[in-house]
Amino acid sequence: MGPEPVRRDAARPEPVRGDAAGAGPAEGTPRDDTVLHSTTASGVSWITLNRPEAMNALTPGQRERVIALLADASADPAVRAVVLTGTGRGFCTGADLRGAPGRVRERLPGDVARTIRLGAQRLVAAVLDCEKPVIAAVNGTAAGIGAHLAFACDLVLAADTARFIEVFVRRGLVPDGGGAYLLPRLVGPQRAKELMFFGDALSAADAERIGLVNRTVEAGELAAVAAAWAERLAAGPTRALALTKQLVNDALAGDRATAFAAEAAAQEINMTTRDAAEGVASFTERRTPDFRGR
């Protein structure tokens, strides 16, 4: 089955249920059009940053909304894959510092670390810890925490017009939002230092060449390719994918004995699922498996 119809202007399919045109939020819930959300009939949750006039510079409210939607995706058995994208020319150009409130008191030791821990790091952790596969459909510039938001996703698709910028050094800042954790694991320490030391803009093609992007596509095809990938994931064995994601994310943090033990435990858990039984049965019966995400 092919992807559902795609709205080119919003880089996502028509919503089936959600708060991004159509069903609307639950009664009493404030509407926030700066983060659009919909879930397709096949179980793909589309999360779209929608401040094109600011190239999707991220406000605290948007950040909290994305974190909540990712948590909802983990808990909802009807959701089986997530796509994170943006509108306009920017995927996400970092934190919206211009919209930040002015300082109300003298900065104390611990204030900055607390802000980062409760802000950018929570956002990146929400992607890494989401129990459903997350695809970044990078429609435009991804800078600072916006780049790290994309790199935290399980798969990264990029429009050929997209750019990735480790912008922190340009502001005299240390990279945050998990950048020094993510980048060396994706491209190695030397390449990570090059990107972070110079802060040069990296084209989508170059990002694909060094392993930061899975695939670069024409800008007009980004939504359709993201939908097709997400549909394939949504039709897969959801719990097995979640356990696989956890194993891969943890693989570089421990030794071989720890990794092997985690693998065995994950397989033990997975073999209790309906999809694992279906996968084995379909193999022996020589038919296509019918995975239900359970």
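Residues numbered from 1 in each chain as written. Predicted model: local features only at pLDDT ≥ 70, side-chain atom pairs only at ≥ 80, totals over all residues. Heavy atoms only, no water.

> I keep staring at the pairing of strand S10 (residues 155–159) and nothing clicks. Help me out?
Taken across its five residues, S10 has four buried, putting it largely inside the fold. In the sheet, strand S8 (residues 134–138) pairs with S10 via four bridges, with the strands oriented parallel. Bridging across to S10, Val138 finds its partner in Ala158. Alignment of S10 against strand S13 (residues 215–217), held across three bridges, turns out to be parallel. Each bridged residue has a counterpart across the sheet, and for Ala159 the counterpart in S13 is Val217. (Buried < 20%, exposed > 50% of the residue type's maximum accessible area, 1.4 Å probe, protein only. Helix = DSSP H or I, 4+ residues; strand = E, 2+ residues; numbered from the N terminus. Pairing = 2+ DSSP bridges.)

> Looking at this model, I keep getting lost on the packing of helix H9 (residues 238–250) against helix H10 (residues 256–270). Mind explaining?
To characterise two packed helices, one gives the angle between the axes of the helices and the distance between these axes. Taken N-terminus to C-terminus, the directions of H9 and H10 make an angle of 170°; their axes are 10 Å apart at the nearest point. The angle between the axes of H9 and H10 places the two elements in the roughly antiparallel class. Of the residues in H10, those touching H9 at Arg239, Ala240, Leu243 and Leu247 are Ala262, Glu263, Ala266, Ile269 and Asn270. The residue inventory of the contact of H9 with H10, partitioned by class, reads six nonpolar, one polar and two charged. (Axes fitted to C-alpha atoms, helices over the stretch in contact; angles between N-to-C directions. Parallel < 35°, antiparallel > 145°, perpendicular 65-115°, else oblique. Contact = heavy atoms within 4.5 Å. Nonpolar A, V, L, I, M, F, W, Y, C, P; charged D, E, K, R; others polar.)

> How should the sheet that holds strand S11 (residues 163–165) be read in this particular structure?
The pairing of strands in a sheet comes from backbone hydrogen bonds and takes either a parallel or an antiparallel form. The strand order S7-S9-S11-S12 describes an open sheet built from four strands, whose pairing is mixed. The open sheet terminates on both sides in strands that have one partner only, identified here as strand S7 (90–92) and strand S12 (201–203). Each strand axis lies, on average, 25° off the axis of its neighbour in the sheet, ignoring direction. Note that S11 and S12 share three bridges and pair antiparallel. Bridge assignment links Arg163 to a residue of S12, and that residue is Ser203.

> Whenever I open this one, unusual backbone geometry confuses me. Can you help?
Negative phi values dominate among residues other than glycine, just as trans dominates among peptide bonds. Phi at Met55 is positive, roughly 50°, even though this residue is not glycine. Here Met55 lies in the loop between strand S5 (44–49) and helix H1 (60–75). Although it is not a glycine, Asn56 adopts a positive phi angle of roughly 60°. Structurally, the position occupied by Asn56 is in the loop between S5 and H1. On the accessibility criterion, Asn56 (0% relative accessible area) is buried.

> Explain the side chain of Arg51 to me, please; I cannot follow it from the model alone.
Locating Arg51 in the fold gives a position in the loop between S5 and H1. Exposure remark for Arg51: the relative accessible area of 14% places this residue in the buried category. Among the polar contacts made by the side chain of Arg51, one reaches the main-chain carbonyl oxygen of Ala57 at a distance of 2.7 Å. When neighbours within four sequence positions are excluded, Arg51 is seen to be in contact with Thr34, Asn56, Ala57, Thr59, Gln62, Thr87 and Asp96. (Polar contact = N/O pair within 3.5 Å; in protein donor to acceptor, adjacent residues only side chain to side chain.)

> When you look at the pattern of salt bridges in this model, what are you seeing that I'm missing?
When their charged atoms lie close together, side chains carrying opposite charge are able to pair. A complete count under the given rule lists twelve salt bridges for this structure. Among the salt bridges present, the one from Glu64 reaches Arg122, with a minimum N-O distance of 2.8 Å. Here Glu64 is found in helix H1, whereas its partner Arg122 is found in helix H3 (residues 120–129), with 58 residues between them in sequence. Across the salt bridge formed by Arg239 and Glu131, the nearest N and O atoms sit 3.3 Å from each other. Linking Arg239 in helix H9 with Glu131 in the loop between H3 and S8, this pair joins segments that are 108 residues apart in sequence. By relative accessible area, Glu131 is classed as partly exposed at 36%. A single salt-bridge network, built from bridges that share partners, covers Arg63, Glu64 and Arg122. (Salt bridge = Lys/Arg side-chain N within 4 Å of Asp/Glu carboxyl O.)

> What am I meant to see in the nonpolar core here?
Within soluble globular proteins, side chains that are nonpolar tend to cluster in buried spots. Core analysis: the biggest nonpolar cluster contains 47 residues, and Leu70, Phe91, Val138, Phe164 and Leu212 have the highest contact counts within it. Not counting chain neighbours up to four residues away, the residues in contact with Leu212 comprise Phe151, Val156, Leu183, Leu186, Val187, Leu195, Leu202 and Ala207. Counting 17 residues, the second-largest nonpolar core is a separate cluster that includes Val83, Ala137, Leu222 and Ala234. (Core = buried A, V, L, I, M, F, W, Y, C linked by side-chain atoms within 4.5 Å.)

> Would you mind going over H3 with me for this structure?
Since the α-helix advances by 3.6 residues per turn, residues separated by three or four positions end up pointing in the same direction. Here H3 has its buried residues at Ala120, Leu123, Val124, Ala126 and Val127. Buried residues of H3 fall within an arc of 150° about the axis and therefore sit on the same side. Contacts from the buried residues of H3 go to H1, helix H2 (111–118), S8, helix H4 (145–151), helix H5 (179–187) and H9. (Arc of directions from axis to C-beta.)

Treat this as a map of the structure, not an account of what it does.
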